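Okay, here's what each chain looks like letter by letter:
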Amino acid sequence: MIALLPKAKMCLLLTFLIPIFSFSQTTSQTLSENLSNDPRIESFKIDQARETPTFIRMNTQKSDLSPSDVPQFLSEIFGTSAETSFQQQEILDNKGFQIIKFQQYQSGIKVEHGLIKAVVKNNQVIAFTSEYYILDNAATSAGLSEDAALQKALTHIGAEQYSWEYVLSLGSNLLVQQTYDEFYPKGELVYVDDYATPEVDLSLAYKFNIYAAKPISRAYVYVDANNGNILLEDAIIKHVTEEAPKPQPQPAYLNGIGDTRYAGRRQFDSSQGTDGNFILKGVTPSGVENETLSYEGIGGLPLSVPALETFAVPIADGDGDLLNPETADNIWNASEHRKDEFSTLNPYPLANEKNNDDVALDAHWGAEVVLDYWKDVHNRLSYDNQGTKIFNYVHYGDAYDNAFWNGTAMTYGDGSYQGGTNPDGSFAPLTSMDVCAHEIGHGVCEFTSNLVYQRESGAMNEGLSDIWAASVENYVLTRIDSSLEFDTWGIGEQIDESDGGLPAGDPDSRALRWMDAPKTEGNPDCYGGDNWTDPECGTPNLANDQCGVHNNSGVLNKWYYLMVAGSGQTLSPGFGKPAVEDQITDAGNSTR
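Residues numbered from 1 in each chain as written. Predicted model: local features only at pLDDT ≥ 70, side-chain atom pairs only at ≥ 80, totals over all residues. Heavy atoms only, no water.

Enquirer: Please clarify how the state of the cysteines should be interpreted in this entry.
Expert: Here a disulfide denotes a covalent bond joining the sulfur atom of one cysteine to the sulfur atom of another. Applying the stated criterion across every chain, the model contains one disulfide. With a sulfur-sulfur separation of 2.0 Å, C537 is cross-linked through a disulfide to C547. Across the disulfide from C537 to C547, rotation about the S-S bond amounts to roughly -85°, and the bridge is consequently left-handed. With a gap of 10 residues between them, C537 in the loop between β25 (513–514) and α10 (545–548) and C547 in helix α10 connect regions that are remote in the sequence. Unpaired in terms of disulfides, C436 finds its nearest cysteine sulfur in C445, a separation of 17 Å. For C445, a relative accessible area of 5% gives the class buried. (Disulfide = S-S within 2.5 Å. Helix = DSSP H or I, 4+ residues; strand = E, 2+ residues; numbered from the N terminus. Buried < 20%, exposed > 50% of the residue type's maximum accessible area, 1.4 Å probe, protein only.)

The following block contains the structure:
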């Protein structure tokens, strides 16, 4: 049993045994007839599992459908009752097109993942992508209280400590209480598919955002609102409405310059504190705020609430000591900020990457570049397209071998390699450019396609983040500095030290994944081919990689490589990689 602090707004403890009613909607056959008989529609594709359209192409010669007419149009072709509505959520503008999102609701309750996107040009809808759900015999009321459902979710996660409990350990004041209230899970009633079954069968469920501190995890947990079954656990932490966004007010900021670990000498956003020292906090050229803090080699919970970060501290230029003097000049030289050099006489843990803030410059500059990439190439303002500030936490844990996006912030471990002095060490500090781009890419995915993080959709989620990693590295090489040791098609080639610290480009260098040759690191390069993980592997969890999300991303990675480079090309060097792309699928067919 978990003891919970009484909240300002207590959930009702009564279990409401209200009769459950159902409603019926248009059948799949009627829906197909509606689509086929509507002269405004040129063509459509049907998802076999949902039996609803995934794509609708409009006949622009016979239709002048405007964005304001979309909800009525959707109701007509889907044959919905008055209980079904489509509410406009967001408008994205890009290169003369608009993407307008409409969320499906049933009797005022959100249908999770029920999203229709209208593609608009010159105020005329030209196409739709659609994930529409037919709800048959679904409950309309909850027989389980929110508190009872929350206990089901907590039992499912089984953490030793949760974020709201961790917050209480930081003190007792109004800010602590406000932050506690923010992180204490609140149930939202939604309709969601039961991902434990192969068929599409939506149920009324409570959706909770469960943030665990020990062990650290964060996920949306969906609990059936009547029988208490867990329908879906969708991870938020992923390892290695509204008007169009307006630029945020820009506080005064400065350009620092310093020696990064992986990208040489770079300029980056910074500012000056009241003590005269300079800190890694500023506004990027994209107009988005960016701040980097250090956990100083201990754990903790990245909450993105600086006033409560008793362990995370600012990283400063000018706060040195007698042994490690620093000049407060906003010039972050390696001689000042890479304080521990490793050797046989000075191995880990006597020396420790937690003392080397040159890697913090990589995280800070990396976030700046990623934000610039999204603004310059995709006209997107921060990961959520609302200009939200980016927080970067470095030196997380002692020799921690991972990096992750927790839904609001980036967190980087220092890796166990520790200059090669830690036996069996695997990774250098995980602050390389591709890791930064990959993890922030998960944030972009959450606010766009929001792919469920398990099975095949999870593999697409991971594959897309690898694609952003490659795209950002290419952006750096083509627009900033072509001399950097980046291998665009390697993921984590600068941090994977299983090769003994070889640089990217060496014939024996290693990477976490090779997008141009996925099989090299044991990933599949085609659907269902060699090394493929069965997505129906049982209950998705960390032990089985959520049924192959990282492993099966190799398929999307290879697709992207072929789309960009073409088949039959000479491959970049790497341990075990073929010299030339083979042009052959696992079925023995040419990829040309």
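Past the structure itself, the notes keep going.
Enquirer: Sorry if this is basic, but what is going on with the nonpolar core here?
Expert: Soluble globular proteins tend to bury their nonpolar side chains together. V370, Y412, M433 and I440 are the most contacted members of the largest nonpolar core, which has 54 residues in total. Elements represented by at least two residues in this core include exactly α7 (358–378), β21 (390–396), β22 (403–405), β23 (409–413), α8 (433–446), α9 (455–479) and α11 (553–565). Here this core gets 10 residues from one element, more than from any other, and that element is α7. Among residues more than four places away in sequence, those in contact with I440 are A367, V370, Y383, I390, W405 and M410. (Core = buried A, V, L, I, M, F, W, Y, C linked by side-chain atoms within 4.5 Å. Contact = heavy atoms within 4.5 Å.)

Enquirer: What exactly am I supposed to notice about the sheet that holds strand β20 (residues 331–332) here?
Expert: As a general point, the strands of a sheet are linked pairwise by backbone hydrogen bonds and lie either parallel or antiparallel. Pairing is mixed in the open sheet, where five strands are placed in the order β19-β15-β14-β13-β20. Edge positions in the open sheet fall to β19 (316–317) and β20, since each of these has one partner strand only. For strand β13 (residues 254–259) and strand β14 (residues 265–272), the ladder comprises six bridges, and the chain directions are antiparallel. What sits directly across from G256, in β14, is F268. Contacts from α7 reach β13, β14 and β20, with the element oriented near 85° to β14. (Pairing = 2+ DSSP bridges. Axes fitted to C-alpha atoms, helices over the stretch in contact; angles between N-to-C directions.)

Enquirer: How do you make sense of the packing of α8 against α9 when you look at a structure like this?
Expert: In a pair of packed helices, the angle between the axes and the distance between the axes together describe the arrangement. It is at 7 Å that the axes of α8 and α9 come closest, and there the two elements cross at 130°. As far as their axial angle goes, α9 and α8 are oblique. For the crossing formed where α8 meets α9, the hand is right-handed. On α9, the residues touching M433, D434, A437, H438, G441, H442 and C445 of α8 are N461, E462, S465, D466, W468, A469, V472, E473 and V476. By residue class, the composition of the contact of α8 with α9 is seven nonpolar, five polar and four charged. (Parallel < 35°, antiparallel > 145°, perpendicular 65-115°, else oblique. Left-handed = near helix turned anticlockwise from the far one by under 90°. Nonpolar A, V, L, I, M, F, W, Y, C, P; charged D, E, K, R; others polar.)

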